[in-house]
Amino acid sequence: MRAEKMLEEVTSFLADCGCLPAFKQVEDGLLVAEEKLERQLWKLFVGVENRMISQLVSMGYVPQDPVRRLLFVEEFLKHLKDELPKVVANNAMESAGRGRIFAFDDLKENGISYSYSDFDSWTYGRLRNQSYTFSRNTSDRIIGDFSRSLSQSYKKGLGIEEASKELQREFDQIKEYRLKRIARTEINSAQNEGIFETLSEFGVKYKQWITARDRRVRGSKPKDKANHVKMHGEVVGLYERFSNGLFFPCDRTGEMREWIHCRCRIRPYIPKRGETV
């Protein structure tokens, strides 16, 4: 354990000093894509906050029936069910395409060159539908959270002013971190999907887990519930799960603590002659 901790600290130190490249191009590309998606998502909420809270104050009471509370929220947020998934899916496919380019570049660095080509229509459609479905669930959760806020206010017997403040807190969470978290997860998930699909298409047998190599990587702090620092460089078969249970970073079939807000990525691993993996 002590040796492992020392290795993690040395890796982090070298990255901070610039001795280990932190995939600056990849990180910058992710940041730009995340900010773009976050801005587009926020546009879906512009004006909704004031209209919803003003209507609640105008009514002067919190609807006591669960169905009426949900209908009240959906009156202002029902557009999320279609618009949010569309926005996310469009951005996700751009990110998947970027991941495909990274995969081609990584293969080239390993001495394997292919002429660039787009995803075939079936793969493109499958990836887009997958992103749309995940995002539709996200929009349903957001609507449900606002409905639950009203429900809690009703159960607590809060006055209309306090109930309005509770709704305001939900909007503050959306603005301050939730949309950013959604954008990061969706963008990096799609990018890794794009890399994975490309490696699969061209018959690559092994993949390697790569972190951003900085002190924000989970596992750098004692309170972190997952440890990606120790996973840096881990190699498994292309269709095998990594030691944390994920097929690739931001693979949502694993535990949420492993994939949410993750910045890691995969790359192809080509064994050297005579090397056993």
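Residues numbered from 1 in each chain as written. Predicted model: local features only at pLDDT ≥ 70, side-chain atom pairs only at ≥ 80, totals over all residues. Heavy atoms only, no water.

K.L.:
Explain the sheet that holds strand E3 (residues 265-268) here, please?
P.N.:
An order of E2-E1-E3 is seen for the 3 strands of this open sheet, with the pairing classed as antiparallel. Looking at the sheet topology across the chains shown, the edges are occupied by strand E2 (235-237) and E3. Across this sheet, the average inter-strand angle for adjacent strands is 35°, counted without regard to direction. Strand direction decides the pairing type here: strand E1 (residues 206-210) and E3, joined by 4 bridges, are antiparallel. Within E3, the position partnered with Lys207 by the bridge is Pro268. Strands E1 and E3 of the sheet are contacted by helix H7 (residues 160-201), whose axis makes an angle of about 20° with E3. (Pairing = 2+ DSSP bridges. Helix = DSSP H or I, 4+ residues; strand = E, 2+ residues; numbered from the N terminus. Axes fitted to C-alpha atoms, helices over the stretch in contact; angles between N-to-C directions. Contact = heavy atoms within 4.5 Å.)

K.L.:
I tried to follow the environment of Phe248 on my own but got confused; where do I start?
P.N.:
Of note, Phe248 is situated in the loop between E2 and helix H8 (256-259). Residue Phe248 is classed as buried on the basis of its relative accessible area, which comes to 5%. Between the C-alpha atom of Phe248 and that of Asn192, which follows or precedes it by 56 residues, the distance is 6.6 Å. Here Phe248 is in contact with Ser189, Asn192, Glu193, Phe196, Trp209, Phe242 and Ile266, once residues within four sequence places are set aside. (Buried < 20%, exposed > 50% of the residue type's maximum accessible area, 1.4 Å probe, protein only.)

K.L.:
Explanation requested: the confidence of the model for the protein chain in the structure shown.
P.N.:
One rule of thumb: low pLDDT means the predicted coordinates there are not for detailed reading. Averaged over all residues, the pLDDT of the protein chain is 90; the fraction at 70 or higher stands at 90%. Here residues 14-22 is a poorly scored stretch, pLDDT under 50, and it has 10 contacts once near neighbours within four places are set aside; other chains count. (pLDDT = per-residue confidence, 0-100.)

K.L.:
Where do I start with helix H5 (residues 80-109) in this structure?
P.N.:
Three or four residues apart is the spacing at which side chains of an α-helix point the same way, because the helix has 3.6 residues per turn. With 30 residues, H5 should cover 44 Å at 1.5 Å per step; its first-to-last C-alpha distance of 42 Å lies within 8% of that length. With its phi angle positive at about 80°, Gly111 sits one or two positions after the end of H5. (Expected span 1.5 Å × (residues − 1).)

K.L.:
Help me understand the state of the cysteines in this model?
P.N.:
Disulfide: a covalent bond formed between the sulfur atoms of two cysteine residues. By the definition in use, this model includes 0 disulfides. Distance from the sulfur of Cys250, which forms no disulfide, to the nearest cysteine sulfur (Cys262) is 4.7 Å. Note on Cys250: relative accessible area 1%, which makes it buried. Residue class for Cys262 comes out buried when judged on its relative accessible area of 1%. (Disulfide = S-S within 2.5 Å.)

K.L.:
Could you clarify how one ought to interpret unusual backbone geometry in this entry?
P.N.:
A negative phi holds for most residues other than glycine; trans holds for most peptide bonds. One non-glycine residue, Cys250, lies in positive phi territory at about 70°. Within the fold, Cys250 resides in the loop between E2 and H8. At His261, a residue that is not glycine, the phi angle is positive and equals roughly 65°. By secondary structure assignment, the location of His261 is in the loop between H8 and E3. Overall, the relative accessible area of 30% leaves His261 in the partly exposed class.

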